[in-house]
Protein chains: 2
Amino acid sequence: MSRRRLLGTVGAAGATGLALGAAGGVGVYAAASGPDSGSGSSPALTTVGSTEAMFHGKHQAGITTPLQSRGHLIAFDLAPGAGRKEAAALLRRWSATAADLMAGRAPATDTGIARDAGPSSLTVTFGFGRTFFDRTGLTARRPAELDPLPPFSSDALDPKRSEGDLWVQIGADDALVAFHALRALQKDAGPAAKVRWQMNGFNRSPGATARPMTARNLMGQVDGTNNPKRTDPDFDRRIFVPSGGPQPWMAGGSYAVVRRIRMLLDDWEQLSLAKQEQVIGRRKSDGAPLTGGTETTPLDLDKFGPDGKLVIPDNAHARISAPEQNGGAAMLRRPFSFHDGIAPDGTPDAGLLFVCWQADPLKGFVPVQRKLDRGDALSPFLRHEASGLFAVPGGPAKGEYVGQRLLES
Amino acid sequence: MSRRRLLGTVGAAGATGLALGAAGGVGVYAAASGPDSGSGSSPALTTVGSTEAMFHGKHQAGITTPLQSRGHLIAFDLAPGAGRKEAAALLRRWSATAADLMAGRAPATDTGIARDAGPSSLTVTFGFGRTFFDRTGLTARRPAELDPLPPFSSDALDPKRSEGDLWVQIGADDALVAFHALRALQKDAGPAAKVRWQMNGFNRSPGATARPMTARNLMGQVDGTNNPKRTDPDFDRRIFVPSGGPQPWMAGGSYAVVRRIRMLLDDWEQLSLAKQEQVIGRRKSDGAPLTGGTETTPLDLDKFGPDGKLVIPDNAHARISAPEQNGGAAMLRRPFSFHDGIAPDGTPDAGLLFVCWQADPLKGFVPVQRKLDRGDALSPFLRHEASGLFAVPGGPAKGEYVGQRLLES
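Just so it is clear, the structure is predicted and the values come from calculations on it, not from any experiment. (Residues numbered from 1 in each chain as written. Chains lettered and ligands numbered in written order. Predicted model: local features only at pLDDT ≥ 70, side-chain atom pairs only at ≥ 80, totals over all residues. Heavy atoms only, no water.)

Visitor: Would you mind going over the overall build of chain A in detail, with residue names and values included?
Guide: In terms of helices and strands, chain A carries ten helices and eleven strands. Out of the 409 residues in chain A, the part that is buried amounts to 61%. A separation of at least 24 residues holds for 77% of the contacts in chain A among residues at least 6 apart in sequence. Of the accessible surface of chain A, which amounts to about 15400 Å², a share of 54% is contributed by carbon and sulfur atoms. (Helix = DSSP H or I, 4+ residues; strand = E, 2+ residues; numbered from the N terminus. Buried < 20%, exposed > 50% of the residue type's maximum accessible area, 1.4 Å probe, protein only. Contact = heavy atoms within 4.5 Å. Areas by Shrake-Rupley, 256 points an atom, 1.4 Å probe, with all protein chains shown as cover.)

Structure representation (structure tokens):
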């Protein structure tokens, strides 16, 4: 009830453009950031805690939702003996819990960890791995898009931290809210599914920068400038599965490629600023192309410097990953950074929980990663340590659970 | 420069009690939370990014600073051959870096990871472990307060993650700002000191709750209600070392006890809400004593229920840890939660990075922990996995570095 009141207060504050004082020290921040931050829309004013993402809808939340400051990725394998029926019951439980938590309500059997806070932009996103379909007798409905990704030369994949029958992405702007959701969903799994792997990540806090900005990764690079924008005319076509395809249950869904990308920061930080910028092809300070302008200025890929060399080198990361160099391949990158302390070899166990979204991995992640794999100057500073590919069905209608169209039709 | 401008804007906003809109989507939140949240002072309005803690002063920052949403604890051992001279040079480098970063300035050789953000309440706090004094030829100046803590029955301490010559606590309200500081300080260490252990923690985000509240831990309990308040008449005497003692260089300093306390959450969450509240002695919903009232109502330790039993059981955590049950022993608890994923046994590797501050550990942590160790109903759900005890000298005057009074007098 106090949460509802809070939402009411905030709505009023947002409408008038005022807040604070009377609201009893309620925090206020600019909600727009992340993938959509370049769209120029004016940010809504609301509190960190009261911001609510919608569970029901055409698409699941957590795909175009602005980056959240805290994230958990968790994969489960169905328990031996559990099949389609148990999976359906689990997805029903999970959907009920996610709907409650995302609305700031306590689920029926609540751990009570995150009382006091509102939803804090919580999103819970569910996906199915390739192995899910055999285990549930649904092999005939396995999308071709879940065919294994090709190997890449920078792969050093740990199978124990890769793939999985089921995948859940949790994001929130409060660490306790995110942890609460993680525990609640693990509790829901009960004996039906066992945790296969789990990873934690983060992004900047709302309000840490003076205006909404594209994210920076742990190398210090502005990361995400060239992400497709929701206002792009072909955004939906590239990111979401259309209706009328061979797997009707995937309409409105998307495919997530998940990679734990270790950054070799001790090596990276040995490079001079100038050398780092040559590797990336953009300025570190503001993300502008080395050919000039601001962050959003297009790269001038044909510009030569006074030394007769390309200003953005042949192997610069920004050149190789540019959509115009990849036949228009596009994916929506929506990562979390990770930092799991110090690795046994003394180097930081840190980098990017890379999550990208596309209607077809063969037209998104795969061609871009193939090119990067061949000639990216950044590759020596990265190591892909885990990988997953998941079919994320469309969002549930009211009264539906996520995946119901697969599991009950 | 843009940071300075931002601070100016915010100062004006704070003074008038207004903000937003004109400030270009700048975030605004209530800064008061954590140890001082019970003091009743009205919170200052400021942005998450622009909030600045002071490096210079009577005490180091990070002791009475409100809890930050992100923290790193890191311990170093001096390299073989490094002594007092190298340690002094290192503390000088570290102090310069900390002063820059806490003011939102880039240090001379910057990794550039956290560009764009203001200081985000960054604090960097430096301490010396027992072993530091032998290695630097300063054994005669080792405070008696650094004598090893007694063993406790709930200890399962990993020496590799315990103690250390030098200890640094980093806190900030933005994860990238905290990580940037961690990397900068590691870089400063150079060949003089090697990382011994490093841990990451978090607290709630500013603005996640509708008003500043006492923290909740990962068990869901309100945690910190009984913390001493800065407004208490004996606060300084209990938390900070007075001048005129046997170690003049510790005047204005404090002793930090650091414990990695694993929470056995799978077991804890098996308990009913009623049973959890009996273990703690307080209501989970709002932290009020089981004897009634609100969070700040004193415990009624002599109240019996209709069943003839004590309402707050004999072994309830709140009873045993209550200052009035410990001869007034007081420490300022200022923890971070931690969550390092799934442990090899499948349970969550999560709990509390317990950090407490006191003028004398034998009058703060030790007597309370002794009592808890003997009869706390919470003990079966906790495991102390690492421990450190550090002498944290007073804050540096302008032109001074932290520890200069020890290392150069």
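Read on for the rest.
Visitor: Explain the side chain of Arg70(A) residue by residue, including any values.
Guide: Mapped onto the elements of the fold, Arg70(A) is located in strand 3 (residues 70-78). One buried charged residue, Arg70(A), forms no salt bridge at all, with the nearest opposite charge on Asp340(B) at 7.2 Å. If near-sequence neighbours (up to four positions away) are discounted, Arg70(A) is found in contact with Ile170(A), Gly171(A), Ala172(A), Asp174(A), Ala175(A), Ala178(A), Gly201(A), Phe202(A), Asn203(A), Phe336(A), Arg70(B) and Phe202(B). (Lys, Arg positive; Asp, Glu negative; His and termini not counted. Salt bridge = Lys/Arg side-chain N within 4 Å of Asp/Glu carboxyl O.)

Visitor: Go over the UniProt feature "domain: Dyp-type peroxidase N-terminal" (unreviewed entry) in chain A, please, and point to the residues and values.
Guide: The residues that UniProt annotates with the feature "domain: Dyp-type peroxidase N-terminal" (unreviewed entry) are residues 60-203 of chain A. For residues 60-203 of chain A, the end-to-end C-alpha separation is 20 Å, with 28% helix and 23% strand making up the annotated structure. (UniProt positions renumbered as here; feature names shortened; annotations may be inferred.)

Visitor: Talk me through helix 4 (residues 175-189) of chain A; I want residue IDs and the actual numbers.
Guide: Residue and element names in this part refer to chain A. Between the first and last C-alpha of helix 4 there are 21 Å, a value that for 15 residues agrees with the 21 Å anticipated at 1.5 Å per step. Counting buried positions over the 15 residues of helix 4 gives 14, a clear majority of the element. Two residues or fewer after helix 4 comes Gly190, characterised by a positive phi angle close to 50 degrees. (Expected span 1.5 Å × (residues − 1).)

Visitor: Mind laying out the interface of chain A and chain B, listing which residues take part and the relevant values?
Guide: Size of an interface: often given as the accessible area lost when the parts come together. With 68 residues of chain A at the contact, the number on the chain B side is 69 residues. Both faces combined, the contact of chain A with chain B buries some 5100 Å², and carbon together with sulfur accounts for 54% of it. The largest per-residue losses of area from chain A upon contact with chain B belong to Asp116(A), Arg183(A) and His339(A), which jointly make up 12% of the total buried on that side. Asp266(A) serves as the salt-bridge partner of Arg183(B), at 2.7 Å between the closest nitrogen and oxygen. Taken together, the connections running from chain A to chain B amount to 24 residue pairs in polar contact (both at pLDDT 80 or more). Only strand 1 (29-30), strand 3, helix 4, strand 6 (193-202), helix 6 (265-268), strand 9 (336-342) and strand 10 (348-358) of chain A provide two or more residues apiece to the side of chain A that touches chain B. Class assignment for the residues of the side of chain A that touches chain B results in 31 nonpolar, 23 polar and 14 charged. (Buried area = accessible area lost by both parts, 1.4 Å probe. Polar contact = N/O pair within 3.5 Å; in protein donor to acceptor, adjacent residues only side chain to side chain. Nonpolar A, V, L, I, M, F, W, Y, C, P; charged D, E, K, R; others polar.)

Visitor: Please give an account of helix 7 (residues 273-280) of chain A that cites residues and values.
Guide: Residue and element names in this part refer to chain A. Inspection of helix 7 places Gln276, Glu277, Val279 and Ile280 among the buried residues, and these make up the whole buried set. Considered in projection along helix 7, the buried side chains sweep an arc of 155 degrees and stay on one side of the axis. Residues of helix 7 that are buried sit in contact with helix 6 and helix 8 (317-321). Downstream of helix 7 by one or two residues, Gly281 has phi in the positive range, about 90 degrees. (Arc of directions from axis to C-beta.)

Visitor: For the environment of Thr347(B), give the residues involved together with the corresponding values.
Guide: All names here are of chain B. Relative to the assigned elements, Thr347 resides in the loop between strand 9 (336-342) and strand 10 (348-358). Thr347 gets classed as partly exposed once you look at its relative accessible area, which sits at 24%. Considered as a pair, Thr347 and Asp267 are 80 residues apart in the sequence and their alpha carbons are 9.6 Å apart. In contact with Thr347, other than residues within four places in its own chain, are Arg262, Asp266, Gly341 and Ile342. Separated by 2.7 Å, the side chains of Thr347 and Asp345 make a polar contact.

Visitor: Please give an account of the packing of helix 2 (residues 84-102) of chain A against helix 4 of chain A that cites residues and values.
Guide: Residue and element names in this part refer to chain A. Packing of helix 2 against helix 4 leaves a shortest axis separation of 9 Å and a crossing angle of 155 degrees. Classed by the angle they form, the pair helix 2 and helix 4 counts as roughly antiparallel. The two elements helix 2 and helix 4 cross, and the hand of that crossing is right-handed. In this structure, helix 2 uses Leu90, Arg93, Trp94, Thr97 and Leu101 to contact helix 4, whose residues at the interface are His180, Ala181, Ala184, Leu185, Asp188 and Ala189. Here the contact of helix 2 with helix 4 is composed, by residue class, of seven nonpolar, two polar and two charged. (Axes fitted to C-alpha atoms, helices over the stretch in contact; angles between N-to-C directions. Parallel < 35°, antiparallel > 145°, perpendicular 65-115°, else oblique. Left-handed = near helix turned anticlockwise from the far one by under 90°.)

Visitor: Residues and numbers for the packing of aromatic side chains, please.
Guide: Counted under the stated rule, the structure contains 26 aromatic pairs over all chains. Taken together, a centroid distance of 5.8 Å and an interplanar angle of 55 degrees make the contact between Phe354(B) and Phe365(B) tilted. With Phe354(B) in strand 10 and Phe365(B) in helix 9 (residues 365-375), this pair connects stretches of sequence that are eleven residues apart. Aromatic rings pair up to connect Phe128(A), Phe132(A), Phe133(A) and Trp249(A) into one cluster. A cation over a ring is seen here: Arg70(A) above Phe202(B), with NZ or CZ 4.3 Å from the ring centre. (Phe/Tyr/Trp six-rings, centres within 6.5 Å; stacked < 30°, edge-to-face > 60°. Lys NZ or Arg CZ within 6 Å of the ring centre and 35° of its normal.)

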